[in-house]
Amino acid sequence: DRVPSGGWNFKFDTKWLMVHTGTMPRIVYFDGHLAHYLVHNCEGTKHDLKSFSSEIGSPIAEAALKAAMTALKKKGHPPSECHMGFVDKDILLTYLGGDVDNTCKGYYHLTPMINNDHCYESEEYQHEFPGWNHTRVYNVLLDTVLNFAEIESNGIAVDKPMLEYL
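For every chain, the first residue of its written sequence is number 1, and the numbers climb from 1 along that sequence. Totals for whole chains, interfaces and linings use every residue, but because this is a predicted model, local features are given only for residues with pLDDT of at least 70 and side-chain atom pairs only at 80 or more, for both listing and counting. The side-chain values count all of the structure's non-hydrogen atoms but skip hydrogen atoms and water molecules.

> How do you make sense of the pattern of salt bridges when you look at a structure like this?
Between side chains of opposite charge, a pair can form when the charged atoms approach closely. Only one rule defines a salt bridge in this text: a Lys or Arg side-chain nitrogen within 4 Å of an Asp or Glu carboxyl oxygen. What the rule picks out here adds up to 4 salt bridges. Put simply, glutamate 152 and lysine 15 hold a salt bridge, and the shortest N to O gap is 2.6 Å. One end of the pair, glutamate 152, is in helix α7 (residues 134–154); the other, lysine 15, is in helix α1 (residues 10–21), and 137 residues separate them in sequence. Buried means the residue's accessible area, taken with a 1.4 Å probe over protein chains only, is under 20% of the maximum for its type, while exposed means over 50%, and partly exposed covers the values in between. Using a relative accessible area of 26% as the deciding quantity, one classes lysine 15 as partly exposed. The salt bridge involving lysine 50 is made with glutamate 62; its shortest N-O contact spans 3.0 Å. You can see lysine 50 sitting in helix α3 (residues 49–55) and its partner glutamate 62 sitting in helix α4 (residues 62–74), a full 12 residues away along the chain. Note on lysine 50: relative accessible area 47%, which makes it partly exposed. Each member of the salt-bridge network shares a partner with another, and the members are Lys11, Lys15 and Glu152. Secondary structure follows DSSP: runs of H or I at least 4 residues long count as helices, runs of E at least 2 residues long count as strands, and numbering of each begins at the N terminus.

> Even after reading the chapter, I still don't get unusual backbone geometry, so can you show me in this structure?
Glycine aside, the phi torsion of most residues is negative, and most peptide linkages are trans. Positive phi, normally seen in glycine, also occurs at asparagine 9, with a value near 60°. Topologically, asparagine 9 is positioned in the loop between β1 (4–7) and α1.

Here is the structure:
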């Protein structure tokens, strides 16, 4: 239960694991979405896995998956049966394999940039947060991924009398 885990937008992956398997990872080793955002934080930049995959010249085989789901609709399947769970396993495995492959490529592409603090540092940023670099920020964000997934899934307890007192 102490195996390091990672993904792209790993908070979403964690919530999926919690719902479908009842388990939750204990250690987040990599989140490509957070890493990409730190390295490429320009306004208008997309940080999803599909955009990153195109950026590195390794697009995910999404067309076959979409075609298979469309074919299910055309055959008259109800909407509840027109999703990944009803697609031919070979098509699904090709799609998921590309997803995993490009997440791994993201790890090898983005982690060195974060560790070498390759990210843009403004004077204002250094003035407001002295001593903080992108490696430190990334590690703090990784530590919050599992907490936010749990909060989104289970909510938080609120001490109403204490809030009223404050």
